[in-house]
Structure formats: C-alpha cells, structure tokens
Amino acid sequence: RDALARHLPGSEVIVVANREPYIHERRDGVLRVQHPASGLVTALEPVVQATGGTWIAHGSGAADREVVDRHARVRVPPDDPAYTLRRVWLTAAEEEGYYYGFSNEGLWPLCHVAHTRPTFRGGDFAAYRDANRKFADAVCEEANGPDPVVLVQDYHFALLPRMIRERLPRATIITFWHIPWPNSERFGICPWGPEILEGMLGSSILGFHVQAHCNNFLDSVDRYLEARLDRERQSVVLGGQETLIRAYPISIDWPTRWAADAPAAPLCRERVFADLGLAPDALLGVGIDRLDYTKGIEERLLAVERLLERFPQFRGRFTFAQLAAPSRTRIPRYQELNRNVEEVARRVNERFGEGDYRPIVLLREHHEPPTVFRYYRAADLCYVSSLHDGMNLVAKEFVAARDDEAGVLVLSRFTGASRELGEALLVNPYDLEEASSALAAALAMPREEQRERMRALRTFVSEFNVYRWAGRMLVDAGRLRKRDRVSGRIT
Ligand code: ADQ
C-alpha cells in the first residue's frame, strides 16, 4: 500500500488473473468459500488485500453466480471485504479451448522442460484470443479513468496487454509471467509465436521470476520479431511502445497468516501423527502440490523407494505423506499422471509395507491452507522435486511454517526458489541416488544444523516477501509514469 501511495499516488489497481481468489461452492445446501491451490493466488491475494482495487477472474465455482451483483461483482474476502472481485463468465467451449487447450496443453508444456509434448490446435488459439478479448472488455468496463495500473497475470493472457493498450493507451500495464520462459529454439514450436510476443509487448513492464527467463524472452524477440532491442537496458521497443523486461522473484506474505493461525509445531505433529496412525518415534516427510507432471511427484516417490532400498534403518519408520490437489483433470496427460502416481505408491507400499506400516500415504484431494500448514509443521522434511518450476512457493511456505526452526527442506535445483534458498539441500530430482542421499541426510541431520539452516532460510523469506515483490514492480511502474508525465505522454 505504501509503495502504491508513494510511487503511484491516486492510481487505481486492476488485477487480471484466470484463477479467482475465492471460489463459492454449495455443499449440502451450505454456501462455502474455497481457497484454490494456486501459487499465483497464494502470492497475489495478500497484495491486493493491501492495495484494494479490482481483481478480474474467471468465475469457476458452482455457486459463483449466486453471490454477485448484476455487474458480476462481489466484495472479498467474504469475512472482511477489502477489494472487488469481478467475475467473467466463459462458455464451456471457451473454457475448453482457452484454458484446457491453448493455455494448458500448449503454453504450459512449451514453457516447462518436463518432457510432455505441447499440443497446438487452431481452434484452441481462436478461443484463447476470444477469451483474452472478453477480459480486455472487462478491464475497460472496470477502469474508472484513462490510466489505471493493470496487473496482468500469467500465461493465460499473453494477448491481453496489447488489447488493453489499444483501448487504454495511457494505462500502466505490468504483466507477470509466473512460469519459465523457454529458450528461443523451443519457443519457435508455437505456431503463433510472433502474435504472442507482440501481445505481451503491449505491457509497460514484463516480469519473470529469474534473469534466465528474461534472457530467453529477449532472445525470442530477437529471433522472431522486428523490434528494437536494448540488452543493456533490458528493453524492447515495438511500434513506439517500450517494454522493460525485469526479474522479480515472487514470494509469500510474511508473517504468513496461515502460519500465525496454526497451532504450535508439537501440537500439529501430534494431530497429524494421530490422523496418519504413526508411532511417536516415526519420521515424516511431506510433499504438497497440485497433481501436475512438472512437480516431479513420480520421481519423488521413486526417491523414497530408493531411500528405503539403500537405508534399511528407515524401513518401518519413515512415512512420506503426499498431499496432491487434483488439477486440470480433463487433460489426458494429467489422468495418466494420476494413474502413474497411484501405481508407484502401490508398488512401493507393497514392497516395503508391513502390518499397519505404509511408507507412502497418498492424499489426493484439495486441502484448505490450515491443513497444509499443519502438515508443514508436523514434518521432519519437505521434499520439493519439481522437474521445472518458475519459482515454487511450497518451499517458501514450508520455511514460513517452521517457526520452531526445525525440519529440513530438500529442494530441486530446477525451481526458481533454489536460486534463493541455498540453505536447503539442493538436488537433481532425476538423480535418485542424489535425491535419496539427501533424504537420508535430512532425516539424520542434527538439530543444531537444522536450526542454522532454517534460521537463514527464514531470514531470507521474511525479508524477500511478496510485498517486496509487488513493491519493486510498483516502484518501477512509478518511475515510468513520472517519465511519461515529464514527456507529456500522460497527464
Ligand atoms: P503453482 O504451479 O500453482 O504456481 P506453487 O508455487 O508451488 O505452484 O504454489 C502452489 C500453491 O498451492 C501453494 O500455496 C500450496 O500451498 C497450494 N497447494 C498445493 N497443493 C495443495 C493441496 N493438495 N491442497 C491445497 N493447497 C495446495 C505457479 C508456478 C510457480 C510459481 C507460482 C507463483 O508454477 O512456479 O511459484 O505460480 O508465481
């Protein structure tokens, strides 16, 4: 809020994200609000609570229409309203082509090195273009003045910045891409690459998590567009519009409200151990993810198997609980992943289970944040094994949960987070020898070393929290606006 008041005085903020921060559902006749399992929402929601304004999102909950006014608006959070949620309704065909098709069978696998082939269909891209246009209409309807600050979120909206720019030329448009950007050769697979790039270059500022993704983006522009590129300034000028390309590593709120609300670590451990039927001297590892092939969940379970093969002292004692929220379940690759994960868990449990002991507990459902934080606090280790991940906020949440300064984070080198969280045990998740050694080292780590590492991690995440992420973008946007005002481009 401070950064907004200081650097963008009097500005209105409009956020556009596909995912809505609150999903209204009716279960057994009772209206309930669900917090979606989404890194984007986890990061952004506290920021929007602080700045106020409007969040435009696809209305996806079964009861979403029940609670809105005639402009599809509702004030949220439901128990303490701070901003407006404006819902955009998509038809089933639009959702199929724009969300499942182009976004999640096309761009998602294109941008992640996780060996799933991107699928590009003309019909999907047409639906993607239409959906982007629908959101552009909503932005223009919500804008009160000619120069709002619009925060466009993620790969669902590559075409949106230009569409907004055409209708609100004085808007400050900050686009943040929450997933990696591929190298230029790989990007060339996308049949509509130049249109995607031109769309994104409607932004005033384009943000990625790490510098490597910025560099890949600049290389893609260099290769596929006729635009003026300034590598030193990290800027691209296309048709008179300059876009700054910047790295802004995302984070979580601090103090994290879910950690503040959760019982102390020993109580969480007691409760989770009781739920899982574990003995008091058992050892617990956790994995928390959307059920997505980029998260390396199969590799994670194979590492647990290798751990039990190589280190018999953990057999009968170590349990790994995987909380996996179903995600994009209409896409065949996700159905295949679901079957594979189940199969590996079954095999490992058959091999190493005995009596009541099951080394792997698979909880395939959405869990509300208080449960997720209870598991973080109960665990001896958290293993994040993504094959490729823009940032990964589970790693940061685990750190935020551990105010007892205990527990060990084992973290894939292929996450953006690994570039910041050097005190974690960093591994290549494909290398089952290295990963299982790290799991064993985590389980045997003396309390003093756990404390030292956790302290350093907590200092980092508390300082580089999500308010700093948003603040840095708003400061940069403020500078741009000042410059435009001096040059007379805006008033
Ligand atoms: P995601 O791919 O969604 O985010 P991540 O950053 O790990 O991944 O965030 C996942 C969020 O969902 C966390 O807040 C976690 O607590 C929650 N969650 C996971 N499993 C859950 C479960 N079973 N039940 C309930 N909640 C669950 C994308 C990018 C990331 C990037 C973020 C933010 O893929 O790389 O870090 O955006 O930019």
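Residues numbered from 1 in each chain as written. Predicted model: local features only at pLDDT ≥ 70, side-chain atom pairs only at ≥ 80, totals over all residues.

If you check an unreviewed UniProt entry, the protein appears there as Alpha,alpha-trehalose-phosphate synthase (UDP-forming) from Anaeromyxobacter dehalogenans. Turning to the protein, the UniProt record has this under Sequence similarities (unreviewed entry): "Belongs to the glycosyltransferase 20 family." (UniProt positions renumbered as here; feature names shortened; annotations may be inferred.)

Along its length, the protein carries 17 helices and 18 strands. For the protein, the spread of C-alpha atoms along the principal axes amounts to about 70 × 50 × 45 Å. Considering only intrachain contacts with a sequence separation of at least 6, the fraction spanning at least 24 residues in the protein is 77%. (Helix = DSSP H or I, 4+ residues; strand = E, 2+ residues; numbered from the N terminus. Contact = placed C-beta atoms within 7 Å.)

Another aspect to go through is the sheet that holds strand E17 (residues 408–412). Picture the strands of a sheet paired through backbone hydrogen bonds; they go either parallel or antiparallel. If you walk across this open sheet you meet the six strands as E15-E14-E13-E16-E17-E18, and the pairing is parallel. The open sheet has two edge strands with one neighbour each: strand E15 (360–363) and strand E18 (425–427). For this sheet, the mean angle separating the axes of adjacent strands, direction not counted, is 20°. Examined bridge by bridge, strand E14 (residues 318–325) and E15 share four bridges and lie parallel to one another. Note on E15: the bridge partner recorded for Phe 320 is Ile 360. Helix-sheet contacts for helix H15 (residues 432–444) involve strand E13 (283–290), E14, strand E16 (381–384), E17 and E18, and the interaxial angle to E18 is about 165°. (Pairing = 2+ DSSP bridges. Axes fitted to C-alpha atoms, helices over the stretch in contact; angles between N-to-C directions.)

Turning our eyes to something else, we now look at the site of the ligand. The ligand sits among 25 residues. The nearest are Ala 37, Gly 39, Ala 325, Gly 390 and Met 391. Going through the elements one at a time, helix H2 (39–51), E13, E14 and helix H14 (393–401) are the ones with two or more residues in the shell around the ligand. Per-element tally for the shell around the ligand: the top contributor is H2, with four residues. (Near = placed C-beta within 6 Å.)

Cis geometry marks the peptide bond from Val 76 to Pro 77; its omega dihedral reads -10°. Topologically, Pro 77 is positioned in the loop between strand E5 (73–76) and strand E6 (83–88). At Ala 72, a position not held by glycine, the phi torsion is positive, near 65°. Tracing the backbone through its elements, the reader meets Ala 72 in the loop between strand E4 (54–58) and E5. A positive phi angle is found at Glu 405, which is not glycine, with a value near 55°. Mapped onto the elements, Glu 405 comes out in the loop between H14 and E17.

Residues that lie three or four places apart on an α-helix share one face, since the helix turns once every 3.6 residues. The end-to-end C-alpha separation of H15 is 18 Å, in line with the 18 Å expected for 13 residues at 1.5 Å each. When H15 is considered as a whole, its buried residues turn out to be Ala 435, Ser 436, Ala 438, Leu 439 and Ala 442. End-on, the buried residues of H15 take up no more than an arc of 155°, which puts them together on one face. (Expected span 1.5 Å × (residues − 1). Buried ≥ 20, exposed ≤ 12 C-beta atoms within 10 Å, placed from the backbone. Arc of directions from axis to C-beta.)

A word on the sheet that holds strand E8 (residues 172–176). What the ten strands build is an open sheet, ordered E5-E6-E4-E1-E7-E8-E9-E12-E11-E10; its pairing is mixed. Both edges of this open sheet fall to E5 and strand E10 (228–230), since each of them pairs with a single strand only. With direction set aside, neighbouring strand axes in the sheet form an average angle of 20°. Examined bridge by bridge, strand E1 (residues 13–16) and strand E7 (residues 149–153) share four bridges and lie parallel to one another. Note on E7: the bridge partner recorded for Val 16 is Val 152. Contacts between H2 and the sheet are confined to E1, E4, E6 and E7, with E1 contributing the most and set at about 165° to the helix.

Turning next to the packing of helix H11 (residues 297–310) against helix H12 (residues 332–352). Two elements in contact, H11 and H12, have axes separated by 9 Å at closest approach and are oriented at 10°. The angle between H11 and H12 places the two elements in the roughly parallel class. Residues Ile 297, Glu 298, Leu 301, Leu 302, Val 304, Glu 305 and Leu 308 of H11 touch H12, and the partners they reach there are Asn 340, Val 341, Val 344, Ala 345, Val 348 and Phe 352. Its residues assigned to classes, the contact of H11 with H12 comprises ten nonpolar, one polar and two charged. (Parallel < 35°, antiparallel > 145°, perpendicular 65-115°, else oblique. Nonpolar A, V, L, I, M, F, W, Y, C, P; charged D, E, K, R; others polar.)

Judged by which residues are buried, E15 turns out to be one-sided: Ile 360 and Leu 362 face inward and are buried, whereas Val 361 and Leu 363, on the alternate face, are not. Taking the sense of rotation as the criterion, the β-α-β connection linking E14, H12 and E15 turns out right-handed. (Right-handed = clockwise from strand over helix to strand, strands pointing away.)

Low pLDDT means the predicted atomic positions in that stretch should not be read closely. Per-residue pLDDT for the protein has a mean of 96; in total, 99% of the residues score no lower than 70. In the model output, the complex is listed with pTM 0.97 alongside ipTM 0.99. (pLDDT = per-residue confidence, 0-100.)

This part covers helix H8 (residues 211–224). Relative to the 20 Å expected for 14 residues at 1.5 Å per residue, H8 spans 20 Å between its end C-alpha atoms, a close match to the ideal helical length. Residues of H8 that are buried include every one of His 213, Cys 214, Asn 216, Phe 217, Ser 220 and Val 221, and no others. Seen along its axis, H8 keeps its buried residues to an arc of 160°; they face one direction. Each element contacted by the buried residues of H8 is listed here: helix H6 (184–187), helix H7 (193–200), strand E9 (205–208), E10, strand E11 (235–238) and strand E12 (241–247).

This brings us to the environment of Leu 168. Structurally, Leu 168 can be placed in the loop between helix H5 (160–167) and E8. Placed 20 residues apart in sequence, Leu 168 and Pro 148 show a C-alpha to C-alpha distance of 8.5 Å.

Remark: helix H10 (residues 265–276) packs on helix H13 (residues 369–378), axes separated minimally by 8 Å, with the N-to-C direction vectors making an angle of 105°. Looking at the two axes, H10 sits roughly perpendicular to H13. On H13, the residues touching Ala 265, Cys 268, Arg 269, Arg 271, Val 272 and Phe 273 of H10 are Arg 374, Tyr 375, Arg 377 and Ala 378. Residues that form the contact of H10 with H13 fall into these classes: six nonpolar, no polar and four charged.

Pairing between E9 and E12: four bridges, direction parallel. Note that in E12 the partner of Gly 207 across the bridge is Arg 246. As paired strands, E11 and E12 are joined by four bridges and run antiparallel to one another. Each residue of the ladder has a partner; that of Val 236, found in E12, is Thr 243. The antiparallel pairing of E11 with E12 creates a hairpin that spans two residues between the two strands, and Gly 239 there sits at a positive phi of about 55°.

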